[in-house]
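# Analysis of the macromolecular model
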Amino acid sequence: MKAVVKLGLVVAGGFGVAVFAAYLAGSTLIEPNQHIVGPPPASIGGVSVRIERKGAPAIAGWYRRVGDAECAVLLAHGLRADRRQMLGRAEFLIAAGYSVLLIDLQAHGESLGKHIGFGLIEASDIVDAVKFLKEDHSSVGVIGFSLGGAAAVLAADKLEADALVVEAVFTDIRKATANRLQTRLGGVGSALSSALLWQLEPRTGIPVSAVAPIEAVADVRAPLLVIAGEADRRTTLADSQALFDRANQPKAFWAVPGAAHENYHVHSQVEYERRVLNFFSQYLVGCEVAP
């Protein structure tokens, strides 16, 4: 009998440790990643901006208007990063004649926010940043990497963008969590994903079922370019292909050879710039930009 009691205590203790570990991991995933970013670097110039909003945190960013350019591009970074992740993209877009706005998604960089929302909460950041650009530009494109791309897709029904480039965007939060844990922990990781996801709605108010870019992508009205890494284990090539398959025309797909879940502009700079500039020149109307 004593042995049974001891076994029960060991099992209960192990379960308690697992629950606590899952809670700590969940806290790490949703906690803000806020810090000082500073003024725009000399390579892009421009000014620091704050886009004030009712009922939502102000959006911090860098804005560079290029002369009388009619076209602008919004740049949105990935998870736990900030606007500096998109600096290289801003530089080549400015050189081509586009105005640019680089933002910190809420709960990142210099933008306030209670917690990270895996694209669902950040969707409003994309919508409002595009509206900001629309005040002075006739055509606006968006480039979003990972979290930034997911937010743009999840904003589809309200987004006024004229062309959309999304990179390494997961299909849904369940698959994204399982992929990331499996990459780090192997087969055990996939089993732990449920322990993390059950916390999402109670702690953030975000239903797991709502964080599904693959469902929202059918609502994207703008021309769409999906970019994926051939060797990406977080957002697999099959995931990106599934997202692309659900999207409406016009659309294009580029699998970056040898790339993992990383900055595709850095990985394949020349081809990245060629494809993105060709895409925007085709769909951002009324722009006089460099070839």
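Preceding block: the structure.
Since the model is a prediction, treat every value here as computed from it, not as a measurement. (Residues numbered from 1 in each chain as written. Predicted model: local features only at pLDDT ≥ 70, side-chain atom pairs only at ≥ 80, totals over all residues. Heavy atoms only, no water.)

## Some remarks on the overall build of the protein chain
The secondary structure content of the protein chain amounts to eleven helices and ten strands. A total of 291 residues make up the protein chain; the buried ones form 51% of that total. At a minimum sequence separation of 6, the contacts of the protein chain that also span at least 24 residues come to 73%. Carbon and sulfur atoms form 58% of the exposed surface of the protein chain, whose accessible area is close to 13000 Å². (Helix = DSSP H or I, 4+ residues; strand = E, 2+ residues; numbered from the N terminus. Buried < 20%, exposed > 50% of the residue type's maximum accessible area, 1.4 Å probe, protein only. Contact = heavy atoms within 4.5 Å. Areas by Shrake-Rupley, 256 points an atom, 1.4 Å probe, with all protein chains shown as cover.)

## Overview of the environment of proline 39
Structurally, proline 39 is set in the loop between strand S1 (33–34) and strand S2 (47–51). Assessed through its relative accessible area of 62%, proline 39 is described here as exposed. With 22 residues separating them in the primary sequence, proline 39 and glycine 61 have C-alpha atoms 9.1 Å apart. When sequence neighbours within four positions are dropped, the list of residues in contact with proline 39 reads Ser48 and Trp62.

## Let's talk about the pairing of strand S7 (residues 139–145)
Counting buried residues along S7, seven of its seven residues qualify, which places the element largely inside the surrounding structure. Neither face of S7 is exposed, since Ser139, Gly141, Ile143 and Phe145 on one face and Val140, Val142 and Gly144 on the opposite face are all buried. Sheet analysis places S7 next to strand S8 (residues 163–167), joined by five bridges and oriented parallel. Bridge pairing links phenylalanine 145 to glutamate 167 in S8. Chirality of the crossover, the property in question, places the unit of S7, helix H4 (residues 147–154) and S8 among those that are right-handed. (Pairing = 2+ DSSP bridges. Right-handed = clockwise from strand over helix to strand, strands pointing away.)

## Topic: the pattern of salt bridges
When their charged atoms lie close together, side chains carrying opposite charge are able to pair. Following the criterion strictly, the structure yields twelve salt bridges and no others. A salt bridge links arginine 53 to aspartate 128; the shortest N-O distance between them is 2.9 Å. Of the two residues, arginine 53 sits in the loop between S2 and strand S3 (59–64) while aspartate 128 sits in helix H3 (residues 123–134), which places them 75 residues apart along the sequence. When its relative accessible area of 14% is taken as the criterion, arginine 53 is described as buried. Aspartate 162 is the salt-bridge partner of lysine 134, the closest N and O atoms lying 2.7 Å from each other. Here lysine 134 is found in helix H3, whereas its partner aspartate 162 is found in the loop between H4 and S8, with 28 residues between them in sequence. Given a relative accessible area of 25%, aspartate 162 falls into the partly exposed group. (Salt bridge = Lys/Arg side-chain N within 4 Å of Asp/Glu carboxyl O.)

## Some details on empty space enclosed by the protein
The full count for this structure, using the stated rule, is one cavity of 30 Å³ or more. Within this model, the largest cavity holds a volume of roughly 40 Å³. If you go around the largest cavity, the residues you meet are Val217, Val220, Arg221, Ala222, Pro223, Leu224, Ala247, Asn248, Gln249 and Pro250. Tallied by class, the residues present in the lining of the largest cavity amount to seven nonpolar, two polar and one charged. (1 Å grid on protein atoms, 1.4 Å probe; cavity = no way out; pocket = protein on both sides within 12 Å on 5 of 7 lines; lining within 4 Å. Points joined across faces, edges and corners; volume = space filled by probe spheres on them. Nonpolar A, V, L, I, M, F, W, Y, C, P; charged D, E, K, R; others polar.)

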